[in-house]
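Listed below, chain by chain, are the residues.
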Number of protein chains: 2
Amino acid sequence: MSDATATDLRMMELALTAADRAASLGEVPIGAVVYRGDEVLAEAHNLRETEADPTAHAEVVALRAAAKCVGRWRLDGCSIAVTLEPCPMCAGALVNARVERLVYGVDDPKMGCVRTLGRLCEEPRFNHRLEVIAGVMAEASVERLRAFFRARR
Amino acid sequence: MSDATATDLRMMELALTAADRAASLGEVPIGAVVYRGDEVLAEAHNLRETEADPTAHAEVVALRAAAKCVGRWRLDGCSIAVTLEPCPMCAGALVNARVERLVYGVDDPKMGCVRTLGRLCEEPRFNHRLEVIAGVMAEASVERLRAFFRARR
């Protein structure tokens, strides 16, 4: 079990800023950043409503942008920081993309499939597994989600 | 447990034709069709290599195109025919898109998460579940996969 590095914390701050951009568009505030070492490959946020795309979660948008950035689908050696625990689609996308490390903020009791309702990123039968660091800046993430849903009630 | 309808079989034939188009591009031959009643909303195939996109599995490409076609991310009342059992990413995408029915061809022992390594489309704790019809025209699907990998050895 490792801890988040200083780089991970910096990337999570960028992911939180991306989540704020989502909220300003009326999207559930979830952000993600793909990075390799200290280099940011992609910053993205949830765009499901804006794009009318059921797959446009922050992680999928970030993975697609990062793959475009490096010119191939394999994201070996990359990490991703996400403000919310990935759902099954996003956890599976991280495995498919061969991402090396997942750093996430708050657990998702409804759809989280990395620790809460499943452990898809560490499944021994899949062809790839990720190192997972959970609970990083979780309070900052959950505050954004609470404020968003409070404002919409 | 229901059987595939005549429409399902016709859609699976279209999915198999899409899989053939994938093979002709050097992509693993997997195809998918999203439909509502008798109406085809999207036909797609695996584009992972061509697009250098780790998320460009047939199902995700088809869901995105179908959502674009109907102008919203919810695909209530839609079915999808896929030649191979969906992986965790694709099974999760079907749940996220609220697809009503999944009709698939051959089981995937490596990454299949609908019946083989998990049951993500029928998970009672998620906010949506699909009706699943497995093994539809499975032999036609597996023949294409075998021919593709044989030719590449």
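Since we're looking at a predicted model, the values are computed, not measured. (Residues numbered from 1 in each chain as written. Chains lettered and ligands numbered in written order. Predicted model: local features only at pLDDT ≥ 70, side-chain atom pairs only at ≥ 80, totals over all residues. Heavy atoms only, no water.)

**Looking at the packing of aromatic side chains**
One pair of aromatic rings is described through two measures. These are the centre distance and the angle between the planes. Short version of the rule: Ring geometry is summarised as follows: Phe, Tyr and Trp rings, the Trp one being its six-membered ring, pair when their centres sit within 6.5 Å, and such pairs are stacked at plane angles under 30 degrees, edge-to-face over 60 and tilted between the two. Buried, partly exposed and exposed residues are distinguished by accessible area as a fraction of the type maximum, computed with a 1.4 Å probe on protein chains only: under 20%, between the cut-offs, and over 50%, respectively. Only when the NZ atom of a Lys or the CZ atom of an Arg is both within 6 Å of the ring centre and within 35 degrees of the ring normal do we say a charge sits over the ring.
Scanning all chains against the criterion turns up 2 aromatic pairs over all chains. Their ring planes at 85 degrees and their centres at 5.2 Å tell us that F148 of chain A and F149 of chain A sit as a pair that is edge-to-face. Given the relative accessible area of 10%, F148 of chain A is considered buried. The ring of W73 of chain B carries the charged tip of R48 of chain A above its face, separated from the ring centre by 3.8 Å.

**Section: the pattern of salt bridges**
All names here are of chain B. Rule in force here: Throughout this description, the term salt bridge denotes a Lys or Arg side-chain nitrogen within 4 Å of a carboxyl oxygen of Asp or Glu. The secondary structure listing takes helices from DSSP runs of H or I that are at least 4 residues long and strands from runs of E that are at least 2 residues long, numbered from the N terminus.
According to the stated counting rule, one finds 22 salt bridges over all chains in the structure shown. For D20, the salt bridge identified is with R144, shortest N-O distance 2.8 Å. One end of the pair, D20, is in helix 1 (residues 6-24); the other, R144, is in helix 5 (residues 138-152), with 124 residues separating them in the sequence. One salt bridge in this structure joins R101 and E131, with 3.5 Å as the shortest N-O distance. Pair noted here: R101 is in strand 4 (residues 101-106) and E131 is in strand 5 (residues 131-133), with a separation of 30 residues, a long-range link. A relative accessible area of 14% means that R101 is categorised as buried.

**Quick word on the relation of the copies chain B and chain A**
One copy of the chain maps onto the other through a rotation about an axis plus a displacement along that axis. What counts is decided by this rule: Here the copies were fitted onto each other by least squares, based on C-alpha atoms from residues at pLDDT of at least 70 in both. In what follows, a contact means two residues having at least one pair of non-hydrogen atoms within 4.5 Å.
Mapping chain B onto chain A leaves a residual RMSD of 0.0 Å; the transformation is a rotation of 180 degrees accompanied by 0.0 Å of translation along its axis. The transformation just described matches what one would write down for a two-fold rotation axis. Proximity to the rotation axis, assessed at the C-alpha, singles out M89 of chain B in chain B; its C-alpha lies 1.9 Å from the axis. Most of the interface of chain B is mirrored in chain A, where 100% of its interface residues again form contacts.

**Section: the sheet that holds strand 5 (residues 131-133) of chain A**
Within a sheet, neighbouring strands are paired by backbone hydrogen bonds and run either parallel or antiparallel to one another. Residue and element names in this part refer to chain A. The test is simple: When DSSP finds two or more bridges between a pair of strands, those strands are recorded as paired. Axis geometry follows a simple rule: fit a line to the C-alpha atoms, using only the stretch in contact for helices, then measure angles between N-to-C directions, giving values from 0 to 180 degrees.
Pairing is mixed in the open sheet, where 5 strands are placed in the order 2-1-3-4-5. In this open sheet, the two strands that pair with only one neighbour each are strand 2 (39-45) and strand 5. Strand-to-strand twist across the sheet, computed as the mean angle between neighbouring axes with direction ignored, equals 15 degrees. The pairing of strand 3 (residues 79-84) with strand 4 (residues 101-106) spans 5 bridges and is classified as parallel. Among the inter-strand pairings, V82 is bridged to a residue of strand 4, identified as Y104.

**Thoughts on the UniProt feature "active site" (unreviewed entry) in chain A**
All names here are of chain A. Put simply, the test is: UniProt positions are given in the numbering used here, feature names are shortened, and annotations may be inferred rather than shown by experiment.
As recorded in UniProt, the feature "active site" (unreviewed entry) lies at E59. Looking at the secondary structure, you find E59 in helix 3 (residues 58-70). Contact partners of E59, with chain neighbours within four places excluded, come to A32, I80, V82, L84, P86 and C90.

**Remarks on the UniProt feature "binding site: Zn(2+)" (unreviewed entry) in chain A**
Per the UniProt record, the feature "binding site: Zn(2+)" (unreviewed entry) sits at H57, C87 and C90 of chain A. Considering the C-alpha atoms alone, the annotated residues occupy 34 residues of sequence yet fold into one spot, their largest mutual distance being 9.2 Å. Here C87 of chain A lies in the loop between strand 3 and helix 4 (88-96). For C87 of chain A, a relative accessible area of 6% corresponds to the buried category. Apart from the residues within four sequence positions on either side, C87 of chain A is in contact with H57, M111 and C113 of chain A together with N96 of chain B. As for its position among the elements, C90 of chain A is in helix 4. The buried category is assigned to C90 of chain A, whose relative accessible area is 0%. Residues within four places of C90 of chain A in sequence aside, it is in contact with H57, E59 and V60 of chain A.

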